[in-house]
8 protein chains.
Amino acid sequence: MLFGDRERIVFAGDSVTDMDRARPCGEGLFENVGHSYVRVVENLLTVFYPERLIRVTNMGWSGNTSRDLLARFQNDVVALSPDWVSICIGINDVWRQFDTPAMPEYGVQPDEYERNVRAMLDALQGKVKGVFLLTPYYMEPLQADPMRRRMDTYGAVCRRLSEEYNTYFVDLQATFDRFFRYRHSASVAWDRVHPNQVGATLIARAFLEQADFNWNRIPPLPEQ
Amino acid sequence: MLFGDRERIVFAGDSVTDMDRARPCGEGLFENVGHSYVRVVENLLTVFYPERLIRVTNMGWSGNTSRDLLARFQNDVVALSPDWVSICIGINDVWRQFDTPAMPEYGVQPDEYERNVRAMLDALQGKVKGVFLLTPYYMEPLQADPMRRRMDTYGAVCRRLSEEYNTYFVDLQATFDRFFRYRHSASVAWDRVHPNQVGATLIARAFLEQADFNWNRIPPLPEQ
Amino acid sequence: MLFGDRERIVFAGDSVTDMDRARPCGEGLFENVGHSYVRVVENLLTVFYPERLIRVTNMGWSGNTSRDLLARFQNDVVALSPDWVSICIGINDVWRQFDTPAMPEYGVQPDEYERNVRAMLDALQGKVKGVFLLTPYYMEPLQADPMRRRMDTYGAVCRRLSEEYNTYFVDLQATFDRFFRYRHSASVAWDRVHPNQVGATLIARAFLEQADFNWNRIPPLPEQ
Amino acid sequence: MLFGDRERIVFAGDSVTDMDRARPCGEGLFENVGHSYVRVVENLLTVFYPERLIRVTNMGWSGNTSRDLLARFQNDVVALSPDWVSICIGINDVWRQFDTPAMPEYGVQPDEYERNVRAMLDALQGKVKGVFLLTPYYMEPLQADPMRRRMDTYGAVCRRLSEEYNTYFVDLQATFDRFFRYRHSASVAWDRVHPNQVGATLIARAFLEQADFNWNRIPPLPEQ
Amino acid sequence: MLFGDRERIVFAGDSVTDMDRARPCGEGLFENVGHSYVRVVENLLTVFYPERLIRVTNMGWSGNTSRDLLARFQNDVVALSPDWVSICIGINDVWRQFDTPAMPEYGVQPDEYERNVRAMLDALQGKVKGVFLLTPYYMEPLQADPMRRRMDTYGAVCRRLSEEYNTYFVDLQATFDRFFRYRHSASVAWDRVHPNQVGATLIARAFLEQADFNWNRIPPLPEQ
Amino acid sequence: MLFGDRERIVFAGDSVTDMDRARPCGEGLFENVGHSYVRVVENLLTVFYPERLIRVTNMGWSGNTSRDLLARFQNDVVALSPDWVSICIGINDVWRQFDTPAMPEYGVQPDEYERNVRAMLDALQGKVKGVFLLTPYYMEPLQADPMRRRMDTYGAVCRRLSEEYNTYFVDLQATFDRFFRYRHSASVAWDRVHPNQVGATLIARAFLEQADFNWNRIPPLPEQ
Amino acid sequence: MLFGDRERIVFAGDSVTDMDRARPCGEGLFENVGHSYVRVVENLLTVFYPERLIRVTNMGWSGNTSRDLLARFQNDVVALSPDWVSICIGINDVWRQFDTPAMPEYGVQPDEYERNVRAMLDALQGKVKGVFLLTPYYMEPLQADPMRRRMDTYGAVCRRLSEEYNTYFVDLQATFDRFFRYRHSASVAWDRVHPNQVGATLIARAFLEQADFNWNRIPPLPEQ
Amino acid sequence: MLFGDRERIVFAGDSVTDMDRARPCGEGLFENVGHSYVRVVENLLTVFYPERLIRVTNMGWSGNTSRDLLARFQNDVVALSPDWVSICIGINDVWRQFDTPAMPEYGVQPDEYERNVRAMLDALQGKVKGVFLLTPYYMEPLQADPMRRRMDTYGAVCRRLSEEYNTYFVDLQATFDRFFRYRHSASVAWDRVHPNQVGATLIARAFLEQADFNWNRIPPLPEQ
C-alpha cells in the first residue's frame, strides 16, 4: 500500500470533500476531519493498517471552483508539506453553468479549468511522493444530459493531465456509473452531487484501490 | 376564468404543495399558505382578478404518498367543502422505490396508486364544481432514466383517470419537459423534485392556463 | 420586451426591495435574491422568456433613505455594470418624519431627496440602456392623510425627474390606489409599506408592463 | 378613585391587551402581566396609590375576536371572582373582514358582536362592582377609510351597551383621534392597531381617568 | 415644564438607565430607548405634552461605574449636543465594594467618585440648558446596612455637587425610602438595585416632578 | 458521622435546594443533582468518607411553598424510602407576602406553615433514621427589616417543631447572620435568597456539622 | 455472505448502537440509521454487494441496560419481523455499578443479565435466520481494572449463551484488545465506551467477518 | 494558612482548570471563576477564612499544553502581579501523543515540557510569595497503561522542578490513585481526565492541605 508510516495525505476539493471539516485545518480530534469520503479513507486506513500512523488532512471548501482552489492552494495545501495530495475539483466549475446560467463568471470554462489544475500540479512538482487526481462527476449516468456531457469534458482534462503529470487517477464518474447499474442515483444523492455515506464509502473505496489497499492483510503485531 | 367570487379551492398534495404551509389549515394571514406554487396561484388570482374573492387553501403534506393522502382526504379536503379541488400526488410513491429500495412498503405500486387516486375522485363526486389533476413529475427530461420512466406510468394513470372522471388535467411533466429545452433542470431544482420559485411559477402558470386565466383583462371597477 | 439576452438589471431601493436578499450581492442560488418584488420579476421573466438569460440583481437595503442609497450607489449599483437600473427610494425619507418626529435628521426633506435621486441619475448617464424610476408610495388611498400627502410630493419629484432624464416611470402609488378600490390596504400590508407577496406581485406586474412584457407569447424553441 | 384596597381588576381582550402576558394567569412576578396598557395601569396605580393593594390580572389573548373571548369568558374572567372587569374586544372582528376577505367566518359581523358582548355583560351581572367597556379602535383618523367606518359601528355597539348596562365607558377611538391631531398614527403603531409604549400609556391614561384617578394626591403615610 | 419643543435630553448612567437600549444610540423606533425609567419618561412626556417634540436619548451602559462613564462621556453625551443631560451614576462604584471585596479596583472610592462626576459637570458647563443629577441608591431603607450607609456617602456627594453646579437634583434614595414605607423593596427589585416597571415609573415620576411636569394640563390644540 | 454505608438522604425544598436538579429524580450522573448545597454535601461526603456509599437525592422544586411541598411530599420524598430526610422550606411562604402583596393566596401564613411542616414530619414518623429541619432564611441581618422579622417567625416554628419531633436542627438564618459579620450579603446573593456557590458551601457546612462530619479523619483503606 | 437479497437485519443495543438514529424506526433516508457501526455496516454492504437489497434497521437506545432492552424487545425487535438480529447489550449493566455505586438498582447483576439476554434469545427462537451476539466491552485492555474484569463476566455470559443458542458470536472485547496493541484506547474513545468513527469501523468489520463478508468480490452485473 | 488578607492567587492550567471561566480574566461576579477546582478552593477559603479577602483568579485555558501556557504566561499570569501562583499543566502534552498519534507536533515531549515549566518558574522568581506545582495526572491507577506511564514521566519532572525551585508540590496523581482504591475512576471522570465536582473537590482539598488549611478553626469575630 502506498502510504507509509508517518506520512501525510492532504485532500483538496469542494463541498464533496469538505462536509463540515474544521477550520483552519481539517484533522485531529472530534469531527475535525468532516464527514466526507476523507473520513472513510482515514477510518479504513486506521483499521486495516493500524501499525502505520498516516496523517489525513481535509482541506476541502464548500462551493469552490478550480479558480477558488487555486487561489488558496499554496496556503492550504503546499504549505502543509504533504507527502501525498489528492485533488477533486471541477463540479462547481460546471454546475454554475447550468443552475445560474445568467451569471457567466460563476462557472469556469474548460480552458481555464485546465490552466487551474495544471497550476496546482506544477506547484506540487518535486515536493510530494504522489498526487491523486479524482475526476469531477455528475451522478447522472445518461450522457444525453447536457450537464453530464459537460462534466465529461472536465473529466477528460483530468485524465489528460493525469497522464502528462503521471499522477494516480481515480475515475469517480466511472465509479458512479458502474454503481448506478445496480441502484438509482437517488439512493446516493438527491441532487446528484453531494454523496450520502454510501456514496462517501464508494469514493473512498475507489481512492484506496488506486493506493493498492489490501483488504485481506493481517497487520504484523508490534513488539511487546 | 373558472373560479368565481367567494369560491374555494383546496390544494392537496405532498411537499411540492406543502412548503411550510400552516397547520392545521394552510390559508389566511402571514405565511400560512406556504411558499409553493399555491401561493403563486393565489397571488396571481388576486392581482389579476381583484374583484373576485377566491379562497385558496393549501393542504399539502411533506412526504405524502397517495396512500398517506387518501388516509386524510376526507378530513383535510372533503370536510372543507371546497368548490374546487386540485390534487398533485405520486412523486413519493415512485421516489421511495429508488432512494430506499430495501424498504419495499415505503413506495406505492401503480395499481395501488390508481386505487388511491380513484378513491379520492370518488369522494369528490357530486360535491365540487371541478377537480384538477396534476401529474406527478420528475425533472429529468430523459426517458431513459428509470425513475422518469416509472413516473410516466403514474402520470399515465392520472391522464386516464382524468378522462374517466372528466377532471381538468395539468400535465406538469410536459410543462417541465418543455422548459428544460431552454434551461437545465438544475436551475429549477437540484434534487429534480422540489421546485424553487421559478419552478413554482411554472406550475402555477400551467395550472391557471387550465382554468382559462386571462392575463390581459382589465378588471371592472367596483361601484363607488 | 426591453430586456435582452445576457443583460443585467440591478434593483436599488430600501426594505421593499431588500427583503432578506443576500450580502454582498443579491443574486444567484437559493434565496439570494430575497423575497421582494424583485424575485417575482425574475420568476416571471424566466418563465415567460426562458430563451433569454436575464441577470437580476437585488441591491436593496432595509431602512435606506435616498441619502443612504446615494452613499453606496457607486459601489452597489454603478460598479456592477448593469444594462438596466431600477430605483425605488423615498419611503423612509418620509416615514421618519412621521414616526420619529423628534429626530429631524432621520428623515430627508424634498429638496435633498431631489438632489439625491438626481445624483443617482447623473451617475448612470451614458452607462446603461435604461433606468426605471419607481415612485415611493404609502398604501393609504386617502389623500387627507398627511403622510400620504407628503409621499405624493416625493412621487411628484420622481415623475418630474423621470421626464427630465427620460427614464421609464412606474407609478406605484397609482398602482396601489387602483388596487385599493377592490381590496383594503390591510390585505396587502398591515403597516401600509411592506407588501406581502400579493403586493410584491402587484409591483412586479406594474414594473413589467413598463418593460413591454408580453404575457401571451410562445417562446421560440431552441434548435436541438 | 374607584379601586379600593384588596380589590381585583381583570382585563379581558385581544393582542392589544395580551402582549406576552403569562399563561394561564397574567399577574404577579416578573413579566407575568405582559407589556400592554395593563402593565402601565398597574404601575401607575402602585406608584400613585401605594397604600392600596390592587390586584391587576391580564387575561387578554392575541388574535381573539368577541366570539373567541366569549368562549373562554366564564373560565378566564368570571371564575377569577374579579371586583372589576375591563373588556376591550372587537378589533379582530373587523380586521379579518379587511385583511382576509375571502375567509368570511374569520371576522365577526356587528349583530353577532353585539350578542357576544351582551353575553359577557350578562355573565357579570350582580357579580362585580363595575365593568369598563373600552371601544375597539383603528388608528386611522379619517372616517373615509372603510375599515375605520366599520370599526365605528362596533364602537357604537359598545357605547349603546355601555349605557344599557351602566358600565364605565372608555372611548379609545376618540382618545386616539385626539392624539393624532398632534402626531401621526405611525408614531404609535405602524399597523394602526398594536400600540407601542406611548400608545399603551395613552390607553392607560384614558382608562384611569374613567376611574377618577387623581394625579396630584399625596398618599397618607402608614402608621409606623 | 422645563423641556421645550425640539429639545433633546440625554440620559447617562449604568444598568438602571440602560436596560437593553440600542447601540450605538438609544433612541428612535422599536425598543431602541430600552425599557428603563427613560422610556417611561419619554412616554409620559409624549402623552401629556403631545404638541412638543422632545428628543429622548438613552446612553446608559450596564455595569458602568463613574470611572467608566467618565471615559465615554465626551463621546456618548457631550458630542450629542443635548439641551438637557441627566446623570445617574455611582451604584456600581459602591456595589463592587460589597459583592467582590477581594477585587479592590472594581469599585470606586468617594474621592474618585467626586472627581469623576465633577469632571462630567465641568464638561457640560455652558453647553446645556440644564443638568439633572440623580442620586445613586440602594433599595434598603435601613441605614444600619453598611452598603446603604456607604451609598449615602455618594448621594451626599451628588447633593453637594448639585448645589455647587446649580443642577436639578433628584433624590432617588429618598424616593425609594418613602415608597418602602408602603411596600417592601422586594416588590420593586429582588436585588435592591434593578427596578421593575413599578420602580421605573417611580423614578420617572421623581424626575418629571423636578422638571415641573403638569399632570393636569390640557394640551392646546394645533391649528388645523 | 451519622450517614452510614448504603444509606439514602433525600433533600426536600424550594429553589435553594433545586437549582436545576434533574426530573423526575435529582440524583446520579452528570448534573442530575443540580448545583445547590446538595451537590456540595454530596461532594464532601464522597471525598471525606469515600468508603461509604451514601445516596444523595435532590427533590427540591423552584418556587415551592410549604403548601406545594406538602402536596408532593408522599410521592417525591416518602415513596423514595429514604434513610434520612432534609427539609428546607418556607422562604416562598414569606417572600410572596412582600413581593406580590396584592395576591394574598400566593404566600402562606404561619399557622398553615406549621400545619404543613407538621404533616411532613408526621408522614416520616417511624420511617426514617432521622430528619434534618433547616430554617428558612433571609440574607438580611437587620431584624428591623419586616421580611426578615417575618422570616424569623417561620424559623421559630421550625425550631419548635424540631424540638417536638426530635429532629436535627440547622439554623441557616444564624449561619448567614454570623457570616454577614465578615462579608456583606451582596457577596452571597444579590436577591438575599438564592446563594451562589459560596453560600451553597456555607449551607452544606452547617448541615454537615449537625451530622457530626469529621474534617480530619483518615478513611480506612479497603482490603485489597 | 450470509445476508441475502431483500432480507432485513435489526440491530438492538444501547448508545453504542443508537448514536442519534431516528425514532421510532432507525432506517431509511437522511441520517435515520444514526452514525454508529450500524451505518458503517449498511454502507459496506451496499458498496460491496450492490445487487442485494439488504434492509438495515437500527433499534439501539442510549442508556439501555439489558433490563431496558428486554422491556421493549417484543415491540422494537420481534415485531419488525427481521430475518437477522444483532444484539449488543450489557455495557450500562456494568458501568452503573462503577460510576454511580450508591444507586444499586441502576446497574444489572450478572444473573439478571443472563436471564434478560436469554429471554431475548428465546423470543427469537424459530423466527429468524440467525442471531448475532456481540459482547459488551470496555476499551481497557488491562484486566487488572475492576470494571474490565466485571465486563468480562458479562462477555462470558454472551459466549456461553451464544454456544447454547447457536448464534453468531462477535467478540468485541477481543477486537478492541487486539487493536489496542497498536493504538491507545484514547484514540478510539476518551470514555472507553463510545467509539468514534474509527471504532465504529472496527466493530462493523468484526461484525461483517462473522457474516462471511467478501472484500474482494466483483458483483455480477445486472441484466440490461 | 498560607494565604493572607488581600493576597491574590492566580491559577494557570488547561481545561481541568478552565471549565468555562470568564475571558479575559476568570474572577469576580457570577460564574466568572468557572466551575473547576478553582471555584471549590475559593468557596472553601471564603467559608472557613471569612475575615481574609483572598483574590482567586482562574487563568486556565482548555486544550493548553505547556507550550501554549508558556506562550501566554507573561501576559496571563505574571502581569497580574499575583502573590501566589498555581500551575497545573501537562495533561495535553501527553494526551495528544495517544489520541492523535499521527500528528506528532500536537503533543509535547518530556524535554520540552521541562523547559517550558522551568521557563514559567524562572519568570516567577522573586516576584511571588510562593508557587504551587500540581502534577498532571491520568485517572488510571494501573501503571501498565502506557499513557499513565507516560504521564508519570511528566509528574516526575514536576517533582524534580518543585524541589529545585522550592515550590509547594501537589501530587494529584497520588491523590487520585488513593481515591481509586475506594471508587472506580468512572465515578469521577468517564474520560479519566476532566473531573466532575467530586473530582474538583478532591483536587481542591489536596491543594488546600499543602496550604496548611485548617478545617477546624473558628474565625475571629470582627470588631463591631
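Residues numbered from 1 in each chain as written. Chains lettered and ligands numbered in written order. Predicted model: local features only at pLDDT ≥ 70, side-chain atom pairs only at ≥ 80, totals over all residues. Heavy atoms only, no water.

A. Broad picture of the overall build of chain A. Across its full length, chain A carries eight helices and five strands. Taken from the N to the C terminus, the helices and strands of chain A come in the order β-α-α-β-α-β-α-α-β-α-β-α-α. In terms of C-alpha radius of gyration, chain A reaches 17 Å, essentially the compact-globule figure of 17 Å for 224 residues. By its C-alpha atoms, chain A is 65 × 40 × 35 Å across when sized along the principal axes. Split into buried and exposed, the 224 residues of chain A put 67% on the buried side. (Helix = DSSP H or I, 4+ residues; strand = E, 2+ residues; numbered from the N terminus. Rg over C-alpha atoms; globule rule 2.2 N^0.38 Å. Buried < 20%, exposed > 50% of the residue type's maximum accessible area, 1.4 Å probe, protein only.)

B. Region of interest: the interface of chain G and chain B. Counting from both sides, the interface comprises eight residues of chain G and, opposite them, nine residues of chain B. With both chains or domains summed, chain G and chain B bury close to 650 Å², and 64% of this area falls on carbon and sulfur atoms. Broken down residue by residue, the surface that chain G buries against chain B is led by Leu29(G), Leu53(G) and Arg55(G), which jointly contribute 68%. Summed over the shared surface of chain G and chain B, the number is one salt bridge. A salt bridge links Arg55(G) to Glu105(B), with the shortest nitrogen-to-oxygen separation between them at 2.8 Å. Linking chain G to chain B there are two residue pairs in polar contact (both at pLDDT 80 or more). Tallied by class, the residues present in the side of chain G that touches chain B amount to four nonpolar, one polar and three charged. (Contact = heavy atoms within 4.5 Å. Buried area = accessible area lost by both parts, 1.4 Å probe. Salt bridge = Lys/Arg side-chain N within 4 Å of Asp/Glu carboxyl O. Polar contact = N/O pair within 3.5 Å; in protein donor to acceptor, adjacent residues only side chain to side chain. Nonpolar A, V, L, I, M, F, W, Y, C, P; charged D, E, K, R; others polar.)

C. Spatial organisation of helix α3 (residues 66-76) of chain G. All names here are of chain G. All of the buried residues in α3 are Ser 66, Leu 69, Arg 72, Phe 73 and Asp 76. All buried residues of α3 project into a common sector of 150° when viewed along the axis, lining one side. Across from the buried face of α3, at angles greater than 90 degrees, the exposed residues are Ala 71 and Asn 75. Elements in contact with the buried residues of α3: β1 (7-13), β2 (54-60), β3 (84-88), α4 (91-99) and α5 (110-124). (Arc of directions from axis to C-beta.)

D. Inspection of the interface of chain G and chain A at higher detail. On the chain A side, the residues contacting the 31 residues of chain G number 31 residues. Summed over both partners, the interface of chain G with chain A buries about 3100 Å², with 62% contributed by carbon and sulfur atoms. When residues of the side of chain G that touches chain A are traced back to their parent elements, those giving at least two are α2 (37-48) and α8 (197-210) of chain G. By residue number, the principal contributor to the side of chain G that touches chain A is α2(G), which donates six residues. Considered class by class, the residues forming the side of chain G that touches chain A number 18 nonpolar, six polar and seven charged.

E. Representation of the state of the cysteines within the structure. Following the criterion strictly, the structure yields zero disulfides over all chains and no others. Of the cysteine sulfurs around Cys25(A), a residue in no disulfide, the closest is that of Cys88(A), at 19 Å. Sulfur of Cys88(B): no disulfide; nearest cysteine sulfur belongs to Cys158(B) and is 8.1 Å away. Cys88(B) sits in the buried class, given a relative accessible area of 0%. (Disulfide = S-S within 2.5 Å.)

F. Looking closely at the relation of the copies chain G and chain A. The two copies are related by a screw operation: chain G maps onto chain A through 180° of rotation and 0.0 Å of translation along the axis, at an RMSD of 0.0 Å. Each copy turns onto its partner about a two-fold axis. In terms of C-alpha distance to the rotation axis, chain G has Trp215(G) as its closest residue, with the C-alpha 3.1 Å off the axis. (Least-squares fit on C-alpha atoms with pLDDT ≥ 70 in both.)

G. Molecular detail of the relation of the copies chain G and chain B. The transform that puts chain G on chain B rotates by 90° and translates by 0.0 Å along the axis, for an RMSD of 0.0 Å. Viewed as a symmetry operation, the transformation between the two copies matches a four-fold axis. In terms of proximity to the rotation axis, the leading residue of chain G is Arg23(G), whose C-alpha is 16 Å off the axis.

H. Spotlight on the pattern of salt bridges. With the rule as written, the count across this model stands at 168 salt bridges over all chains. Between Asp177(C) and Arg148(C) there is a salt bridge; the shortest N-O distance is 2.9 Å. Here Asp177(C) is found in helix α7 (residues 172-179), whereas its partner Arg148(C) is found in helix α6 (residues 146-165), with 29 residues between them in sequence. Looking at Asp177(C), the relative accessible area reads 22%, which means it is partly exposed. The structure contains a network of salt bridges with shared partners spanning Glu140(A), Asp145(A), Arg192(A), Glu140(B), Asp145(B) and Arg192(B).

I. Spotlight on the packing of helix α2 (residues 37-48) of chain E against helix α8 (residues 197-210) of chain E. Residue and element names in this part refer to chain E. As a packed pair, α2 and α8 sit with axes 8 Å apart at the nearest point and diverge in direction by 55°. Relative to α8, the element α2 lies oblique. Seen from above, α2 lies across α8 with right-handed handedness. Mapping the contact onto sequence places Tyr 37, Arg 39, Val 40, Val 41, Leu 44 and Leu 45 in α2 and Gln 197, Ala 200, Thr 201, Ile 203, Ala 204, Phe 207 and Leu 208 in α8. Taken together, the residues of the contact of α2 with α8 break down into ten nonpolar, two polar and one charged. (Axes fitted to C-alpha atoms, helices over the stretch in contact; angles between N-to-C directions. Parallel < 35°, antiparallel > 145°, perpendicular 65-115°, else oblique. Left-handed = near helix turned anticlockwise from the far one by under 90°.)

J. Region of interest: the pairing of strand β4 (residues 130-134) of chain C. Residue and element names in this part refer to chain C. In terms of burial, β4 is a largely internal element, five of the five residues being buried. Side chains Gly 130, Phe 132 and Leu 134 of β4 all project onto a buried face; the interleaved residues Val 131 and Leu 133 project onto the opposite face, where all are buried too. Where strand β3 (residues 84-88) meets β4, five bridges bridge the pair, whose relative direction is parallel. Opposite Val 85, over in β4, you have Val 131 as the bridge partner. Of the pairings in the sheet, the one linking β4 to strand β5 (residues 168-170) comprises three bridges and is parallel in character. (Pairing = 2+ DSSP bridges.)

K. Representation of α5(G) in the model. Residue and element names in this part refer to chain G. Between the first and last C-alpha of α5 there are 21 Å, a value that for 15 residues agrees with the 21 Å anticipated at 1.5 Å per step. Among the residues of α5, Pro 110, Glu 112, Tyr 113, Glu 114, Asn 116, Val 117, Met 120, Leu 121 and Leu 124 are the ones counted as buried. Of the surrounding elements, those touching the buried residues of α5 are α3, β3, α4, β4 (130-134) and α6 (146-165). Looking one or two residues past α5, Gly 126 carries a phi angle of roughly 75°, positive in sign. (Expected span 1.5 Å × (residues − 1).)

L. Structural view of the sheet that holds strand β2 (residues 54-60) of chain E. Residue and element names in this part refer to chain E. In space, the five strands of this open sheet follow the order β2-β1-β3-β4-β5, with parallel pairing throughout. At either margin of the open sheet sits one strand with a lone partner, and together these are β2 and β5 (168-170). Strand-to-strand, the axes of this sheet are offset by a mean angle of 15°, without reference to chain direction. Pairing analysis gives five bridges linking strand β1 (residues 7-13) to strand β3 (residues 84-88), with the strands arranged parallel.

M. Quick peek at the side chain of Arg21(E). With respect to the helices, strands and loops of the structure, Arg21(E) is situated in the loop between α1 (15-18) and α2. At 4.5 Å, Asp76(E) is the nearest oppositely charged side chain to Arg21(E), a buried residue that forms no salt bridge. (Lys, Arg positive; Asp, Glu negative; His and termini not counted.)

N. Region of interest: the side chain of Asn116(B). Residues and elements named next belong to chain B. Within the secondary structure layout, Asn 116 lies in helix α5 (residues 110-124). Residue Asn 116 is classed as buried on the basis of its relative accessible area of 6%. Within the structure, the side chain of Asn 116 is placed 2.8 Å from the side chain of Ser 66, a separation counted as a polar contact. The residues contacting Asn 116, other than those within four sequence positions of it, are Ser 66, Arg 67, Leu 70 and Val 108.

O. Inspection of the sheet that holds strand β3 (residues 84-88) of chain H at higher detail. Residues and elements named next belong to chain H. Read across the open sheet, the five strands follow the order β2-β1-β3-β4-β5; overall the sheet is parallel. Where the open sheet ends on each side, the last strands, each with one partner, are β2 (54-60) and β5 (168-170). Across the sheet, the mean angle from the axis of one strand to that of its neighbour is 15°, orientation sign disregarded. Against the sheet, helix α9 (residues 197-210) contacts β1 (7-13), β3, β4 (130-134) and β5, and its axis sits at roughly 155° relative to β5.

P. View of unusual backbone geometry. A cis amide bond, omega 0°, links Arg23(D) with the succeeding residue Pro24(D). Assignment of secondary structure puts Pro24(D) in the loop between α1 (15-18) and α2 (37-48). With a phi close to 55°, Ser81(F) is a non-glycine residue in the positive phi region. Within the secondary structure, Ser81(F) is located in the loop between α4 (73-76) and β3 (84-88).

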